[in-house]
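# Fold and geometry: a report
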Amino acid sequence: MRLHAEISLAGDPAPGGLVGEVVPIGSCAASEAIARRWAGNLLQLTPEIVAALGPGRVMVNSGSLAEDLAALEPRNWLGSGKAALTGHLATLEPVLREAQVRLLIEPCSRHIIHDAQATLLFLQEQSAAPVGLALNPAALFEPSMLAMREDHLLRIAESLAPRCEMLILAGVRPDESAERLTPCGAGEGEFDPVELWTACRPYIPAHAPVVLRTDSQHPPDAALLRRLEAADTRRR
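What comes next concerns the included structure. What you are looking at is a predicted structure, and each value in this text was computed from that prediction instead of being measured.

### Quick word on the layout of surface pockets
- Reported here for the largest pocket is a volume of approximately 610 Å³.
- Forming the walls of the largest pocket are 31 residues, and the residues nearest its centre are Glu106, Cys108, His111, Pro183 and Arg213.
- Listing elements by their share of the lining of the largest pocket, those giving two or more residues are strand 3 (35-38), strand 4 (56-61), strand 8 (171-174) and strand 9 (181-184).
- Here the lining of the largest pocket takes four residues from strand 9, the largest share from any one element.
- Tallied by class, the residues present in the lining of the largest pocket amount to 16 nonpolar, eight polar and seven charged.
- In terms of lining, the second largest pocket is formed by 13 residues, of which the most central are His114, Asp115, Ala116, Leu140 and Met145.

Now the structure itself:
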């Protein structure tokens, strides 16, 4: 397991929504970052922001036609959503190549790339573009899916883990209305990171980093790291 942590950046997001850096566990040095996360709506990612982000891997969401990225927007799942995303990526592709940026797209149940089938089709169509998959299994869940969480998680792992370039272990929890799941740090909410790792481990490429996403600038809990290491050892 190539275990890393996504550390939140201090201060205001910059440039234009950069909120985190992925570093090896035990290091918080920006010089050792293997990727960064840009949290703005992908449909609003501009050539200027791409140039400011500079070379390397940048995690992004798959965009939404809604102003609120967490909103339930049915147009995202129709042809209009996919057309908006693919058209925007085609516009960005020259500057992505010039800036040597590879976008690692993180699907979410509320966004344009919203489930396993849509993700596989997107990856097939974008195979020649400088984009890849950052798989956050918990982000693909809606509250109604939790009743059969093991089945859904297994299908997500089997279909998408082999294609991912980064595996993100993060949490989600129901909001006050229980009508949507909101992001939270690894080890919190509905999913145990060990559960996510155990489901994906048989399928994930050996070179893909495993990233613990926290809600702070602090490293992950030491007890959680020991549990993940133990789970990894048991399945070898």
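### A look at the pairing of strand 3
- When strand 2 (residues 18-24) meets strand 3, the two strands line up antiparallel, connected through four bridges. Among the inter-strand pairings, glutamate 21 is bridged to a residue of strand 3, identified as arginine 36.
- The pairing of strand 3 with strand 4 spans three bridges and is parallel. Residue pairing for strand 4: arginine 37 is matched across the bridge by methionine 59.

What counts and what doesn't
- Residues numbered from 1 in each chain as written.
- Predicted model: local features only at pLDDT ≥ 70, side-chain atom pairs only at ≥ 80, totals over all residues.
- Heavy atoms only, no water.
- 1 Å grid on protein atoms, 1.4 Å probe; cavity = no way out; pocket = protein on both sides within 12 Å on 5 of 7 lines; lining within 4 Å.
- Points joined across faces, edges and corners; volume = space filled by probe spheres on them.
- Helix = DSSP H or I, 4+ residues; strand = E, 2+ residues; numbered from the N terminus.
- Nonpolar A, V, L, I, M, F, W, Y, C, P; charged D, E, K, R; others polar.
- Pairing = 2+ DSSP bridges.

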